[in-house]
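Fold and geometry: a report
Chain residues, written in single-letter form:
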Amino acid sequence: PRESDFNPDPEEKIYFLDSQMGLTSHRRRQLDILKSRFKDRLVASHDHTTPVDARGAFNRFKVGLCPEGRKFSTPAMKLTHTDRPFWSGCLGMVPVSEDSRMGGRLEALHSAGLIVRYAHGNLESLAQACEYALAMSAAERRLIYDHFNAHETVGTVVAAALAAA
């Protein structure tokens, strides 16, 4: 928690960490619309070699685009697709994520205004979600940062799971 200080004035950019497994046609369409709409405000990468202790440097970006990825099997995270919304939120980035698994843990975070969701497969919804996230104020991002660091870190989630067991 709070390993990285809150950045009140990040670059007005979207950081999109994609899969190393290659581009699907779905992901290609997403990248195409994002590049067209956001141009140099989109930072797309598939480099997963960044060590965990170096991820703090990503807080220089305002938005973390977190597309559907692997699924977890632990009870606390089984209904989410990826860890990216969680580390993005801990860095003070606005997490933007697909809604392809409604009713899961990410839905509660979306309802609370702590992540931005977009309709799975809907490119216009994706672009609008990114625009909305880019428009969020430092105060809104600070709420995201504070919530994720207080309630969504591995230690907090695991401690709650152990206490409930």
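Preceding this section is the structure that the text describes.
Values in this document were obtained by computation on a predicted structure and should not be read as measured data. (Residues numbered from 1 in each chain as written. Predicted model: local features only at pLDDT ≥ 70, side-chain atom pairs only at ≥ 80, totals over all residues. Heavy atoms only, no water.)

Next up on the list: empty space enclosed by the protein. For the structure shown, the criterion picks out 1 cavity of 30 Å³ or more. Lining the largest cavity we find Y15, L17, G64, L65, C66, R84, W87 and S88. Within the residue set of the lining of the largest cavity, elements represented by two or more residues are strand 1 (11-17), strand 3 (61-66) and helix 2 (84-90). Split into classes, the residues belonging to the lining of the largest cavity amount to 5 nonpolar, 2 polar and 1 charged. (1 Å grid on protein atoms, 1.4 Å probe; cavity = no way out; pocket = protein on both sides within 12 Å on 5 of 7 lines; lining within 4 Å. Points joined across faces, edges and corners; volume = space filled by probe spheres on them. Helix = DSSP H or I, 4+ residues; strand = E, 2+ residues; numbered from the N terminus. Nonpolar A, V, L, I, M, F, W, Y, C, P; charged D, E, K, R; others polar.)

Attention now moves to the nonpolar core. In this structure, I14, L34, L65, V96, C130 and F148 are the most contacted members of the largest nonpolar core, which totals 27 residues. With 5 residues, the single largest contributor to this core is helix 4 (residues 123-135). Ignoring any residue separated from it by four or fewer positions in sequence, one finds F148 in contact with P85, F86, G89, C90, P95, L109, L114, I115 and T153. Residues Y15, F58, F61 and L91 belong to the second largest nonpolar core, which totals 7 residues. (Core = buried A, V, L, I, M, F, W, Y, C linked by side-chain atoms within 4.5 Å. Buried < 20%, exposed > 50% of the residue type's maximum accessible area, 1.4 Å probe, protein only. Contact = heavy atoms within 4.5 Å.)

The next subject is the environment of F38. Tracing the chain through its elements places F38 in helix 1 (residues 25-38). Residue classification places F38 among the buried residues on the basis of a relative accessible area of 1%. C-alpha separation for the pair F38 and A127, spaced 89 residues apart in sequence, amounts to 8.7 Å. Apart from residues no more than four positions distant in its own chain, F38 is found in contact with I14, A127, C130, E131 and L134.

Our next topic: the sheet that holds strand 5 (residues 116-118). Spatial ordering of the open sheet is given by 2-1-3-4-5, a layout of 5 strands whose pairing is parallel. Bordering the open sheet on either side are strand 2 (42-45) and strand 5, each of which pairs with just one other strand. Across the sheet, the axes of successive neighbouring strands diverge by a mean angle of 25 degrees, strand direction being ignored. As judged from the 4 bridges shared by strand 1 and strand 2, these two strands associate in the parallel manner. In the sheet register, Y15 faces strand 2, and the bridge partner there is V43. (Pairing = 2+ DSSP bridges. Axes fitted to C-alpha atoms, helices over the stretch in contact; angles between N-to-C directions.)

A few words now on the packing of aromatic side chains. For the structure on display, the rule yields 5 aromatic pairs. For the pair Y15 and F58, a centre-to-centre distance of 4.4 Å together with 25 degrees between the ring planes defines the contact as stacked. Note that Y15 is positioned in strand 1 and F58 in the loop between strand 2 and strand 3, a separation of 43 residues in sequence. For the pair formed by Y15 and F58, the shared burial category is buried. Plain terms: the ring middles of Y15 and F61 are 5.3 Å apart, the flat faces sit at 5 degrees to each other, and that makes the pair stacked. With Y15 in strand 1 and F61 in strand 3, this residue pair connects regions lying 46 residues apart in the sequence. On the basis of relative accessibility, which here comes to 3%, the residue F61 falls in the buried class. Through successive ring pairs, a cluster of aromatic residues spans Y15, F58, F61 and W87. (Phe/Tyr/Trp six-rings, centres within 6.5 Å; stacked < 30°, edge-to-face > 60°.)

In this section: the pattern of salt bridges. The tally for this structure, following the rule as stated, stands at 7 salt bridges. A salt bridge links K62 to E12, with the nearest nitrogen and oxygen atoms 3.3 Å apart. Of this pair, K62 sits in strand 3 while E12 sits in strand 1, placing them 50 residues apart in sequence. Among the residues examined, E12 registers a relative accessible area of 40% and is labelled partly exposed. (Salt bridge = Lys/Arg side-chain N within 4 Å of Asp/Glu carboxyl O.)

With that out of the way, let us pick up the side chain of R141. Tracing the backbone through its elements, the reader meets R141 in helix 5 (residues 138-151). With no salt bridge to any partner, buried R141 finds its closest opposite charge in E12, at an N-O distance of 7.1 Å. (Lys, Arg positive; Asp, Glu negative; His and termini not counted.)

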